[in-house]
Amino acid sequence: MNIVLLGAPGAGKGTQAQKLVAEFGFAHISTGDLLRAAIKDGSKLGARAKGYMDSGKLVPDALVIDLVKERLAADDAQEGFILDGFPRNTSQAVVLDSELADMGRTLDAALLVDVEPDVIIERLSSRRTCRDCGYTAPAGVDVCPRCSGQMYQRDDDKPETIQQRLDVYQTQTAPLVEYYKGHSILKEVKGDRPVDEVYADVKALLGL
Ligand code: AP5
Ligand code: ZN
């Protein structure tokens, strides 16, 4: 199954993706995680992306599109993938459709995790992320339960940057809801409920 997760920053895309991956073994393709890994590795791509990410802006399409193409072609993505954080604007969505068409593949669902902005600000301000594997959890978890890596607060999870990310989501990413409605693959889940309740609905919506 090939799935796109849509939703504002902090809506719980990564959290739901982690659960789907653990239960069904889909490849998790998170452009945010890929970019943070590039920064950590000290690569040229990471150096170019860092300023945009720290200030809550989207990095230029060209930087992320190649990363996604490479991951879609990898062995572990052939049996199904979850795209988390991509596409982020209409031009990325168009590139994705054409790349998948070239591979003889299609998207089965675009799942919107819907959460109000006030809940998002609270969640992101208290989020901690694993430096090594990208696992996320609320503040208070200091050691990653998945890989024992160190949990830290992302630079873009500071209050002034969170607002900028929400603005970017509204102007550039939210139009994708209509885009996928137009392709008849949009599904929607209310994300401001306990993680396992959201997950139960996610599975039902995806027919899993
Ligand atoms: P990215 O890493 O994709 O960040 P994001 O979309 O802003 O999403 P987040 O990871 O912040 O949130 P999430 O929805 O995954 O929430 P999570 O599950 O962690 O992107 C970062 C930056 O990279 C961008 O700003 C941009 O610069 C760049 N970038 C990335 N992709 C790009 C692209 N395609 N094009 C251009 N630039 C790109 O949950 C949040 C918190 O809430 C956690 O603490 C979690 O434990 C908690 N939580 C989750 N669900 C629940 C629940 N149901 N109840 C209570 N708490 C919950
Ligand atoms: Zn980890």
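Overview of the structure. (Residues numbered from 1 in each chain as written. Chains lettered and ligands numbered in written order. Predicted model: local features only at pLDDT ≥ 70, side-chain atom pairs only at ≥ 80, totals over all residues. Heavy atoms only, no water.)

### Focus on helix α9 (residues 195-206)
Put simply, the rule reads: The helix and strand labels rest on DSSP assignments: H or I over at least four residues marks a helix, E over at least two residues marks a strand, and numbering proceeds from the N terminus. Expected span of a helix, by definition, is 1.5 Å for each gap between consecutive residues, and there is one gap fewer than residues. Summary of the burial criterion: residues with accessible area below 20% of their type's maximum are buried, those above 50% are exposed, and those between are partly exposed, where the area comes from a 1.4 Å probe applied to protein chains only. Directions are taken from the helix axis to each C-beta atom, and the arc is the one they span. Any two residues whose heavy atoms approach within 4.5 Å at even a single point are treated as in contact.
For α9, which comprises twelve residues, the first-to-last C-alpha distance of 16 Å matches the rise-based estimate of 16 Å (1.5 Å per residue) to within 8%. V198, Y199, V202 and L206 are the residues of α9 that are buried. Looking straight down α9, one finds that the buried residues subtend no more than 100° of arc, so they occupy a single side. Every exposed residue of α9 that faces more than 90 degrees away from the buried side is listed here: D196 and A204. Among the structural elements, β1 (2-6), α1 (13-24), β4 (109-114) and β8 (186-190) are those in contact with the buried residues of α9. Two residues or fewer after α9 comes G207, characterised by a positive phi angle close to 70°.

### Focus on the packing of aromatic side chains
The criterion, for reference: Stacked, edge-to-face and tilted labels apply to pairs of Phe, Tyr and Trp rings (six-membered ring for Trp) whose centres lie within 6.5 Å, assigned for plane angles under 30 degrees, over 60, and everything in between, in that order. Any Lys NZ or Arg CZ that is within 6 Å of a ring centre and within 35 degrees of that ring's normal is treated as a charge sitting over the ring.
Using the criterion set out here, one finds two aromatic pairs in the structure. Seen in terms of ring centroids, Y179 and Y180 are 5.0 Å apart; in terms of plane orientation they differ by 90°. Their pairing is edge-to-face. This pair shows no difference in class: Y179 is buried, exactly as Y180 is. The aromatic ring of Y199 is capped on one face by K19, whose charged end is 5.3 Å from the ring centroid. A cation over an aromatic ring shows up here: R131 above the ring of Y152, its NZ or CZ 4.2 Å from the ring centre.

### Quick word on the sheet that holds β4
Put simply, the test is: Each pair of strands is called paired provided DSSP finds at least two bridges between the two strands. Every axis corresponds to a line fitted to the C-alpha atoms, with the helix fit spanning only the stretch in contact, and the corresponding angles, defined between N-to-C directions, vary from 0 to 180 degrees.
The five strands lie next to each other as β2-β3-β1-β4-β8, forming an open sheet whose pairing is parallel. Strands at the two margins of the open sheet, each flanked by one partner only, are β2 (27-30) and β8. The sheet shows a mean angle of 20° between the axes of neighbouring strands, direction not considered. Relative to β8, β4 is paired through five bridges, and the arrangement is parallel. Bridge pairing in β8 places D114 opposite K190. Here helix α2 (residues 31-40) sits on the sheet and contacts β2 and β3 (81-84); the angle it forms with β2, its principal contact strand, is near 70°. Contacting β1, β4 and β8, helix α8 (residues 175-182) runs over the sheet at an angle of about 150° to β1.

### Points about empty space enclosed by the protein
As a reminder, the rule being used: Cavities and pockets were defined on a 1 Å grid built over protein atoms only: a cavity is a set of grid points that admits a 1.4 Å probe from which the probe cannot escape, a pocket is an open set flanked by protein on both sides within 12 Å along at least five of seven lines, and lining residues are those with an atom within 4 Å of any such point. Grid points are joined across faces, edges and corners, and a volume is the space filled by probe spheres set on the points. Residue polarity follows a fixed list, in which Ala, Val, Leu, Ile, Met, Phe, Trp, Tyr, Cys and Pro are nonpolar, Asp, Glu, Lys and Arg are charged, and the others, Gly among them, are polar.
Across all of its chains, the model carries one cavity of 30 Å³ or more by this definition. There is about 40 Å³ of room inside the largest cavity. Every element with two or more residues in the lining of the largest cavity is listed here: α4 (61-73) and α5 (90-102). It is α4 that contributes the most residues to the lining of the largest cavity, four residues altogether. Here the residues of the lining of the largest cavity are counted per class, giving six nonpolar, no polar and two charged.

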